[in-house]
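Structural features, examined
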Amino acid sequence: ANHVIPWGFMASDNGAVKRRRTKSKTRGEARGLSAGRGAIYVGHIPHGFFEEQMKKFFSQFGVVTRVRLARSKKTANSKGYAFVEFEYDEVARIAAETMNNYLMFGKLLKCDHIPPGQVHPFLFKGAGRSFKRLPRRKMFIEQFNKPRTASEHNRMVVKLVKKEEKKRNRLKDLGIEYEFPGYRARLKAKSRHTRFT
């Protein structure tokens, strides 16, 4: 007869059923709502309304235990929605009803109460995490101006030459004859750091 293997277990080659080994990457963060607590979804969040401001603002309804603002992994910028946890579910329900369609800085907030039984265990994963904004403009400038080897320089010039050839062909198709050295003359340059003027 066929036997049903319970979730979390696996059958080995000899037919024995063993508990499946799983690695937890959350280090205790996989925790849903505690008993009695409530959560709401907040959407259409205006720029500048971050975790600290959100916690202070929603504290007018009751004790806010956790706030998780969805942020980009690359830029740490807000994605425009968040989840707020209250100490009591009834307070969360009242906050969602009150703040839904609330006009804030030219945007209508969208707030929905999340039933306790539908809250995902990972909903507040990363709540309380601090974000450090990277100086990306400075990093891009340093990356562009970094010293280059002769091979790196030649690869860059080859790309520029290909783009330049497309421009030459477009000019030719338009009946414009214009000759200039361009980047082709620099293919054999051996400078470690070259700037094009």
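Above this text sits the structure in question.
Okay, so let's go over this structure. (Residues numbered from 1 in each chain as written. Predicted model: local features only at pLDDT ≥ 70, side-chain atom pairs only at ≥ 80, totals over all residues. Heavy atoms only, no water.)

Of the pockets and cavities examined, the second largest pocket occupies roughly 150 Å³. Of the residues in the lining of the second largest pocket, the class split is three nonpolar, one polar and four charged. (1 Å grid on protein atoms, 1.4 Å probe; cavity = no way out; pocket = protein on both sides within 12 Å on 5 of 7 lines; lining within 4 Å. Points joined across faces, edges and corners; volume = space filled by probe spheres on them. Nonpolar A, V, L, I, M, F, W, Y, C, P; charged D, E, K, R; others polar.)

Let's shift gears to the pattern of salt bridges. Applying the stated rule across the entire model yields eight salt bridges. For K56, the salt bridge is made with E52, and the minimal N-O distance between the two is 3.5 Å. Here E52 and K56 lie together in helix 1 (residues 51–58), a separation of four residues that amounts to about one turn. Assessed through its relative accessible area of 60%, K56 is described here as exposed. Salt-bridge contacts for R93 lead to E90; the nearest nitrogen and oxygen are separated by 3.9 Å. (Salt bridge = Lys/Arg side-chain N within 4 Å of Asp/Glu carboxyl O. Helix = DSSP H or I, 4+ residues; strand = E, 2+ residues; numbered from the N terminus. Buried < 20%, exposed > 50% of the residue type's maximum accessible area, 1.4 Å probe, protein only.)

For the rest of this paragraph, the subject is the packing of aromatic side chains. The tally for this structure, following the rule as stated, stands at eight aromatic pairs. Summarising the aromatic geometry, the rings of F57 and F58 are spaced 5.5 Å apart at their centres and angled 85° between planes, so their arrangement reads as edge-to-face. Residue F58 is classed as buried on the basis of its relative accessible area, which comes to 0%. Taken together, a centroid distance of 6.1 Å and an interplanar angle of 55° make the contact between F57 and Y102 tilted. Here F57 is found in helix 1, whereas its partner Y102 is found in the loop between helix 2 (89–99) and strand 6 (103–104), with 45 residues between them in sequence. (Phe/Tyr/Trp six-rings, centres within 6.5 Å; stacked < 30°, edge-to-face > 60°.)

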